[in-house]
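# Residue-level structural notes
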Amino acid sequence: MGVFQIAKDLFIPVPPATRREPGHLNQDLDAAQASNLNDSRLTKLEDNEDEFETSSGLTENIYDIGSTHRKLLNRHIQLIGIGGTIGIALFVAIGTALSHGGPLSLLLGYSFWSMIIIMVTASCAEMVCYLPISSPFIRLAGRCVDEAFEVTAGWNYWLLESALVPWELCLVNTLVHYWRDDYSPGIPIAIQVVLYFFINVFAVKLYGESEFWLSIGKVILSIGLIFFTFITMVGGNPEHDVYGFRYWRDPGPMAEFIHLGSLGRFQGFLACVISACFTIAGPEYVSMVAGEAVNPRKNLPNAYKQVSYRLTLFFLGGALCVGIVCAYNDPLLLDAITNSKPGAGSSPYVIAMTNMRIKVLPHIVNVMLVTTSFSAGNSYTYCSSRTLYGMALDGRAPRFFSHCNKNGVPIYAVLAALAWAMLAFLQVGSTSKKVLTWLVNLVTAGQLLNFLIMCITYLHFYRACKVQGLDRKSFPFVGWCQPYLSMFAGIVVLVMVGVQGYTVFIPGGWSVESFLFSYLMVFIDIAIFIVWKLVKRTKYRDPAEVDLVTGLEEIEEHERIYYANLEKYGDQPKKWYHKVGAFMFGG
């Protein structure tokens, strides 16, 4: 295949086919559409309108033409779910929370917020598993609540994910500075942008494979640091120091933050909860792959159910371990936070390794942090593009962003996400870097608002199901104790939206910059909602008229073809590393 053909397949969109009655394929594919399909593929479609075998042993159907393809397997989804929740903050930024609250406050704060995230996940999972379409929780916000609410949800999430793309690119560069800084920051940034381009523009399965392996690295790092904590605390370190829970006794379990006494200890706990709000990701990463998942109504519930285990093992385990290996008043920790030491230098684990005179492990940790940050940027690129794609499908963004290439990739939406990546080159200039820092800080509150949107959407979804007589017990995933868990989680998230920037209102703490960092996205979202509401004259959805059907036909067609092909062809042979991955994380 020539270069021009490859470029055509990547950048020239395939017009979507319109589904008609069987026997009318030629009516679905006009001349313009047929010209974008190669002869062999068109012949297979003409021989059997509903299905044809692919090299992976799965199937495609008429819905795959001009839209995203369902190529992500269960193992991809499982690891994307794990990788989406584990970020570099779990290993580095968590040290700031430790210094503010102490080990007990850190563990309690992360435990509390993990419970809230599990509630949000249970709510989101029920909606998405019932209707696993592209950008599901965003588009359901429009179907169940209000069109203006969907627009607000979509642009809020898109701004959040897009701004984090250049941030992660710069973070990788900072991690590399742990070893040396005698090079131009533009070099690693340019390399990452090129890699993101190739991973995201060819086929979604390439993204799935890359995240599968990168997420395994995150899992290994998380579990490895848990073992490191246990081994060293019982004396397995060069100093042969059996330190156990020493730092829980001296300097103590709870630190004082801002004020002294009981108020200071409470504020330390609150600081840990706020840290958890921006460290622990929710169900959004699993949700965003719903439109490209193979057999989604079976595989997605499994991924959502693993959230509670992941949160318990990785985040609660991490919060416990950090408080064991490092004192909240350790001079090296305080110095690293104050001077923003690059890479793993600010990690409580690396500080503990330094105190124990362990020389090799800090470099290994930094290597794993580089892959963790790269994976995060890759995920943000994917989520940014699929958010824009989902909005374009419903006319909430320019329609051309819904155009997909031959591989089922929304190419223009991906290019828009990569355009944000260009902002990373601001790091080349010391003053311009402040612009990027401002941008990321301004949209950070969008993560909390996203959780609030999910809870509100679910309450309306629940009401619509009840009014329309849908039996929730027949759904692939049924949230427990609903709608009460969603109500409670929504109230707590709403409170945290207001509380997360409370220090700006403390006497002597006022700063316009800090106020904007904490609350600007709230005002932006309110403005988006009001403007769209007034301009489009949208109406609040009557639960009896909520659309809970559109999209089910494609999903049911996919399932019918998928199971028919499994029965006909059976499972395709897997390579050894696929078997290992299937054994560890689901086939």
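Residues numbered from 1 in each chain as written. Predicted model: local features only at pLDDT ≥ 70, side-chain atom pairs only at ≥ 80, totals over all residues. Heavy atoms only, no water.

Further remarks concern the overall build of the protein chain. The helix and strand tally for the protein chain stands at 25 helices and 2 strands. Buried residues in the protein chain amount to 57% of all 587 residues. A separation of at least 24 residues holds for 79% of the contacts in the protein chain among residues at least 6 apart in sequence. (Helix = DSSP H or I, 4+ residues; strand = E, 2+ residues; numbered from the N terminus. Buried < 20%, exposed > 50% of the residue type's maximum accessible area, 1.4 Å probe, protein only. Contact = heavy atoms within 4.5 Å.)

One finds F91, L106, W113, L300, Y304, Y349 and L369 to be the most contacted residues of the largest nonpolar core, which totals 138 residues. Of all the elements, helix 6 (residues 94-130) adds the most residues to this core, at 14 residues. Excluding residues within four positions of it along the chain, L106 makes contact with I94, A97, L98, C272, A319 and V322. Among the nonpolar cores identified, the runner-up in size contains 21 residues, and A141, A153, Y458 and F475 belong to it. (Core = buried A, V, L, I, M, F, W, Y, C linked by side-chain atoms within 4.5 Å.)

This brings us to the confidence of the model for the protein chain. Across the protein chain, the average pLDDT comes to 83, with 84% of residues at 70 or higher. In the predicted structure, residues 18-59 sits below a pLDDT of 50 and forms 83 contacts with residues beyond four places in sequence or in another chain. A low-confidence stretch, residues 583-587 stays under pLDDT 50, and its non-local contacts, those more than four residues away or across chains, total 13 contacts. (pLDDT = per-residue confidence, 0-100.)

We now examine a nonpolar patch on the surface. Among the surface-exposed residues, I223, F227, F230, I231, V234 and L313 lie close enough to one another that they form a single nonpolar patch of about 560 Å² accessible area. Counting residues per element, the nonpolar patch draws most heavily on helix 10 (residues 204-233), which supplies 4 residues. With respect to the helices and strands, F227 occurs in helix 10. (Patch = residues over 30% accessible without salt bridge, like charges linked within 9 Å, V, L, I, M, F, W, Y side chains within 5 Å. Areas by Shrake-Rupley, 256 points an atom, 1.4 Å probe, with all protein chains shown as cover. Salt bridge = Lys/Arg side-chain N within 4 Å of Asp/Glu carboxyl O.)

Right, let's get into the side chain of E126. The residue E126 is located in helix 6 in this model. A polar atom in the side chain of E126 sits 3.2 Å from the side chain of Y458. Other than its neighbours up to four places away in sequence, E126 contacts Y458, F461, R472, F475, F477, V478, G479 and Q482. (Polar contact = N/O pair within 3.5 Å; in protein donor to acceptor, adjacent residues only side chain to side chain.)

Looking now at helix 22 (residues 484-499). Along its 16 residues, helix 22 runs 22 Å from first to last C-alpha, staying within 8% of the 22 Å computed at 1.5 Å per residue. Listing the buried residues of helix 22 in full gives L485, S486, A489, G490, V492, V493, M496 and V497. At its buried positions, helix 22 is contacted by helix 6, helix 12 (261-279), helix 21 (446-468) and helix 23 (512-536). (Expected span 1.5 Å × (residues − 1).)

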